[in-house]
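# Observations on the model geometry
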Amino acid sequence: MHGVVQVVPLFGLAGLCICPYNRGMENRIASRFVRALFFVCATFFCAPAFSFAQDIPSGTFVVRPSKVEISLAPGEEKTVMVRLSNGTAVPLHVETSFEDIAPQEQNTPVDDPVRLLGGVEGENSLQEFLSVSRSTFDLLSVKEVDVPVRVAVPAGTLPGGRYGSVVFTFAPALPSTKTAQNIAVQSRIAVVFYVRVTGTVKEEGKLVKFGLFNDERFAATPNADAPLRFQVVYENTGDVHENPHGAVTIRNMFGTTKAQLLVDPFAVLPGSTRMREIDLFTSVFPGYYTATLDLSRGYGEDIDHEEVSFWVLPTMKATGIGLTLLILLGLIIRRSLRLSRSSLS
């Protein structure tokens, strides 16, 4: 089984014992010590980048990071380390390949904004710029390895964005074992690479839409299970990816700030539109509110501002309790009026 790294003891020094001095034994001890020192140094400096996986959930295969963003000039190159961790109970056979990516239409915010193109070359192809020293290897259980990915931009490449992915396909190295049968026959995890080739580029984009999800104007009081959900839609009309980011400020009818939500940077490919959802889990009292978005486009100093207003309604439970209290209050007032009239008469 190729590519399997096993840990074996370097030396067992239990054979050394105390005995009467003689030069032959002194030479053998010195020779053994030199060999041990040599192998310790060789192991330290030349060992493969395999190690024990730390804090990896049991039964999972983890690849980190999931996204890489770098800028390179034509003719430059850079090596990026990608860490693979095997938290399963069996050794896995891993194969590495490269695919371009392209934007994908989002019908909901949870839909993936990009798709892998397989063997098809993308409009802003990157796959020919990517390489690894070993395309296949085996990774033992509860072990991890750092895979160096080389990104090399050929001289003469035009400025702009190049987009692709490193795809790791893994399957049990010993599929006949009982434990391996519980793992999918073959799974794939991709690390997306956003490479900006430096030079004169077109950076252009705009905020397309902001508001409550599905353009609602009324929403129930948010909680941990049912948050108040906003959507941010951004369009990139340039020729390099952009990372818009900002914040949503929520104020009540008196102008008091009740919450502020961060909009973390999210990559938008050239010529595409991406939807991002922002959730408010903090409970707010029923009433009239406004939400203001301040969104930096990710380049220059341009900031888009957008404001929407909406009503937060009480939950059905709170409404029922409120109606019950109102009915009880009405009955009490009615009874009090009757008693007052009786005492006057």
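Starting afresh in each chain, residues are numbered from 1 along the sequence in its written order. Confidence filtering applies because this is a predicted model: local features only for residues at pLDDT of at least 70, side-chain atom pairs given and counted only at 80 or more, and all residues used for totals across whole chains, interfaces and linings. Only hydrogens and water are set aside when side-chain values are computed; all heavy atoms of the structure are taken into account.

## As for the pattern of salt bridges
Criterion for a salt bridge: a side-chain nitrogen of Lys or Arg within 4 Å of a carboxyl oxygen of Asp or Glu. Evaluation of the coordinates by the stated rule reveals 13 salt bridges. For Arg83, the salt bridge identified is with Glu144, shortest N-O distance 3.4 Å. Of this pair, Arg83 sits in strand β4 (residues 77-86) while Glu144 sits in strand β9 (residues 143-152), placing them 61 residues apart in sequence. Each residue is assigned to one of three classes by its accessible area relative to the maximum for its type, calculated with a 1.4 Å probe on protein chains only: buried under 20%, partly exposed between the two thresholds, exposed over 50%. Judged by relative accessible area, which is 31%, Arg83 ranks as partly exposed. The buried category is assigned to Glu144, whose relative accessible area is 5%. Taken together, the shared-partner salt bridges in this structure form one network comprising Arg64, Arg83, Glu144 and Asp146. Numbered from the N terminus, helices here are DSSP runs of H or I no shorter than four residues, and strands are runs of E no shorter than two.

## Describing the sheet that holds strand β19 (residues 303-313)
In this scheme, strands are said to pair when DSSP sees at least two bridges between them. Across the sheet, five strands lie side by side as β13-β19-β18-β15-β16; this open sheet has mixed pairing. The sheet is open, and its two borders are formed by β13 (218-220) and β16 (257-263), each paired with just one other strand. Neighbouring strand axes in the sheet, compared pairwise and without regard to direction, differ in orientation by 30° on average. One ladder, built from ten bridges, connects strand β18 (residues 287-296) with β19; its direction is antiparallel. From the neighbouring strand, Ser296 faces β19, where its bridge partner is Ile303. Axis definition: a line fit to C-alpha positions, over the contact stretch in the case of helices; interaxial angles, taken between N-to-C directions, run 0 to 180 degrees.

## Concerning the packing of aromatic side chains
The way to describe two aromatic rings as a pair is by their centre distance and the angle between their planes. Each pair of aromatic rings taken from Phe, Tyr and Trp, with Trp reduced to its six-membered ring, is defined by centres within 6.5 Å and is described as stacked if the planes are under 30 degrees apart, edge-to-face if over 60, and tilted in the remaining cases. Summed over the entire model, instances satisfying the criterion amount to six aromatic pairs. Measuring from ring centre to ring centre gives 5.8 Å for Phe230 and Phe310, while their planes differ by 70°; the resulting arrangement is edge-to-face. Note that Phe230 is positioned in strand β14 (residues 228-236) and Phe310 in strand β19, a separation of 80 residues in sequence. In terms of burial, Phe230 and Phe310 fall into one category: buried. Through pairs of rings, three or more aromatic residues link up here, namely Phe210, Phe230, Tyr289 and Phe310. Lysine NZ or arginine CZ positioned within 6 Å of the ring centre and within 35 degrees of the ring normal marks a charge as sitting over the ring. Directly above the aromatic system of Tyr194 lies the positively charged group of Lys67, at a separation of 5.8 Å from the ring centroid.

## A short note on a positive patch on the surface
Patch definition: residues above 30% relative accessible area lacking any salt bridge, with like charges linked at up to 9 Å and the nonpolar side chains Val, Leu, Ile, Met, Phe, Trp and Tyr linked at up to 5 Å. Where accessible areas are quoted, they stem from the Shrake-Rupley method and a 1.4 Å probe; at the residue level, only the protein chains shown are allowed to cover. In this tally Asp and Glu are treated as negative and Lys and Arg as positive; neither His nor the chain ends contributes. By convention, the point assigned to a charge is CZ for Arg, NZ for Lys, CD for Glu and CG for Asp. Taken together, the side chains of Arg334, Arg335, Arg338 and Arg341 make up a positively charged region of the molecular surface. Among the structural elements, Arg335 can be located in helix α2 (residues 316-344). Note on Arg335: relative accessible area 58%, which makes it exposed.

## Looking at a nonpolar patch on the surface
On the surface, Leu326, Leu329, Ile333 and Leu337 cluster together to form a nonpolar patch covering roughly 390 Å² of accessible area. If you trace the backbone, Leu326 turns up in helix α2. What makes Leu326 exposed here is its relative accessible area of 57%.

## Re the pairing of strand β5 (residues 92-103)
Bridge count for β5 against strand β8 (residues 136-139) is four bridges, and the pairing is antiparallel. When the sheet's bridge partners are listed, Val94 is paired in β8 with Phe137. By the bridge criterion, nine bridges tie β5 to strand β10 (residues 160-172) in an arrangement that is antiparallel. Bridge pairing in β10 places Thr96 opposite Phe168. Direction of pairing for β5 relative to strand β6 (residues 114-116): antiparallel, over a ladder of three bridges. Note that in β6 the partner of Ala102 across the bridge is Arg115.

## Here's the deal with the nonpolar core
In plain words, nonpolar cores are sets of buried Ala, Val, Leu, Ile, Met, Phe, Trp, Tyr and Cys residues tied together by side-chain atoms within 4.5 Å. Among the nonpolar cores identified, the biggest contains 28 residues, and Phe61, Leu84, Phe168 and Phe193 are the most heavily contacted of them. At the level of secondary structure, the elements contributing two or more residues to this core comprise β2 (61-64), β3 (67-72), β4, β5, β8, β9, β10 and β11 (187-197). Whether two residues touch is decided by their heavy atoms; if any such pair falls within 4.5 Å, the residues are in contact. Discounting residues that sit within four places of it in the chain, Phe61 has contacts with Leu84, Ser85, Asn86, Leu92, Val94, Leu139, Phe170 and Ile189.

## Regarding the sheet that holds strand β17 (residues 272-280)
What links the strands of a sheet is backbone hydrogen bonding, and the strands pair in either a parallel or an antiparallel sense. Sheet architecture is open: three strands sit in the order β12-β14-β17, paired in antiparallel fashion. Each end of this open sheet is capped by a strand with a single partner; those strands are β12 (205-212) and β17. On average, each strand axis in the sheet is inclined to that of its neighbour by 20°, with strand direction left out of account. Summarising the sheet, β14 and β17 pair through nine bridges and their orientation is antiparallel. Bridged to Gln231 within β17 is Glu277.

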